[in-house]
Amino acid sequence: MAQIIDGKALATRIKEKMSTQMPNLEAKYGRRPSLYIILVGNDEGSQRYVKHKLAAAASVGMDSRLIALEPTITEKELLDLIHVLNEDPLVDGILVQLPIPKHLNEYHIIQAIDKGKDVDGFHPLNVGELWQGMHGIVPCTPKGIVQLIMSTGVTIDGKTAVVVGRSNIVGKPVAKILLDENATVIMTHTHTKDLKAMTLLADILVVAVGKEKLITADMIKPGAVVIDVGITRNAEGKLVGDVDFDAACEVAGYITPVPGGVGPLTIAMLLKNTMECFLNHAEASTNVSKLWSKIIESRIGTDK
Ligand code: NAD
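The model shown is predicted, which means the values in this text are computed figures rather than measured ones.

1. A closer look at the domain arrangement of the protein chain
Thinking step 1. Taken domain by domain, the protein chain consists of domain 1 (30–114) and domain 2 (140–261).
Thinking step 2. Look at where the C-alpha atoms of domain 1 and domain 2 centre, and you get two points 29 Å apart.

If you want it as C-alpha cells, here you go:
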C-alpha cells in the first residue's frame, strides 16, 4: 500500500518556517517581502487561485496586494502598470494571474515583468537560466514537485523519471530540474506511441496532463513515487487528478492525492520565490548603501 505524500502538511511546515523568519527580516531590512498580484477580468477559477495566494502570503506575514483590473484594459495600460511596479523598490514580486483575456499578448506581458521580480519564473530569461542550469527563479509547480519527491526520502540521483505532459509551466521545467538532480528523464506527450511502456519504466512518475484516470494501476512500476499534478473536475463535480488514485495506491510506493498534493506546494513555492526576490533586493540595496558610505568616507578623508 502506497504512502500518501501529504502536500498540505509539507506546505504548512514550509510556511511556518517562513513566518518565524519574518520578524528578523523586518528588523534587519526595515520591511517585509511584498507580493503584487495582477488579476485581469472576472474568471472564477483565477479569482479563487488569487484568493488562496493572497491568503497564504498574509498567513506568513508578507505584504500582499491585489490589483484587480477590468477585462477591457489595453495591453499598453497593463504594460505601463507593470513598468511602474518594476521601478518600485518596495515591490519584490509581481505575478500576473494567467490566463489573461485573449486581446492581451501573454508573451509581451510576461516579458515586461522585471526578471528579478518574476515570482512565477515564466520570464524568458528565467526560463533560459533554468535550461542553462543556473536556476534563477524556478517556476512554482515544478519546484514544489521536486520538494514533494525529496520529502519521501527517495533519492532522485540515478533513478528513471518519466514526465507525462510537456507544457512550459509544468512538464518541461520539471523534466529539466529532475535532469539536474541526475535522474534519467523520459518526456512523454500526445505523440508518444506506447505511454504504458514508458510509465512502467518510471521509478519517479510525474503526470501533468489534466485527464481523469489517464494513468491506471497497471501503468505504474511497483514501488514508484507518483506525483499527480492534474486537476480537473469530473462528471460528479469532484476535483480529481490524472491518476486512478485508489487502484494506484495498491502498486505505488508513494503517491500524492488530489487535492492536497501538488497544489499546496505550488503556493508555498510562490512564497519562497517571493522571499528569494526580497532577499536579493534587500541585500542589493544594503550593498549600495555600504558602497555610498565608503565613497562618502573616502571623500571626507581626501578633503581633510
Ligand atoms: P497543458 O494542457 O498545457 O499540457 C498538457 C500536456 O499533456 C501537453 O503537453 C500534452 O502533450 C499532454 N497530453 C495530453 N494528453 C496526453 C495523453 N493522452 N498522453 C500523454 N500526454 C498527453 O496543461 P498544464 O498547464 O501542464 O497542466 C496540466 C494539468 O496540471 C492540468 O490539469 C492543470 O490544471 C494541472 N496543474 C496543476 C497545478 C497545481 O498547482 N496543482 C499547476 C499547474 C497545472
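Back to the text.
2. Some thoughts on the sheet that holds strand E1 (residues 3–4)
Thinking step 1. Spatially, the six strands line up as an open sheet ordered E1-E11-E8-E7-E5-E6, and their pairing is parallel. Edge positions in the sheet fall to E1 and strand E6 (184–188), since each of these pairs with one other strand and no more.
Thinking step 2. Pairing analysis gives five bridges linking strand E5 (residues 160–164) to E6, with the strands arranged parallel. Its bridge partner lying in E6, Thr-160 is registered against Thr-184.
Thinking step 3. Lying over the sheet, helix H6 (residues 140–151) contacts strand E7 (204–207) and strand E8 (225–228), oriented at roughly 150° with respect to E8.
Thinking step 4. In this fold helix H7 (residues 171–180) packs onto E5, E6 and E7, with an angle of close to 165° to the strand it touches most, E6.

3. With respect to the pairing of strand E2 (residues 34–40)
Thinking step 1. Extensive coverage of E2 is indicated by the burial of seven of its seven residues.
Thinking step 2. Burial along E2 is two-sided: the face carrying Ser-34, Tyr-36, Ile-38 and Val-40 and the face carrying Leu-35, Ile-37 and Leu-39 are both buried.
Thinking step 3. As paired strands, E2 and strand E3 (residues 63–69) are joined by seven bridges and run parallel to one another. Counted as the bridge partner of Ser-34 is Asp-63 from E3.
Thinking step 4. Note on the crossover from E2 through helix H2 (residues 44–59) to E3: the handedness is right-handed.

Analysis parameters
- Residues numbered from 1 in each chain as written.
- Predicted model: local features only at pLDDT ≥ 70, side-chain atom pairs only at ≥ 80, totals over all residues.
- Heavy atoms only, no water.
- Domains from an automatic or database assignment.
- Pairing = 2+ DSSP bridges.
- Helix = DSSP H or I, 4+ residues; strand = E, 2+ residues; numbered from the N terminus.
- Contact = heavy atoms within 4.5 Å.
- Axes fitted to C-alpha atoms, helices over the stretch in contact; angles between N-to-C directions.
- Buried < 20%, exposed > 50% of the residue type's maximum accessible area, 1.4 Å probe, protein only.
- Right-handed = clockwise from strand over helix to strand, strands pointing away.

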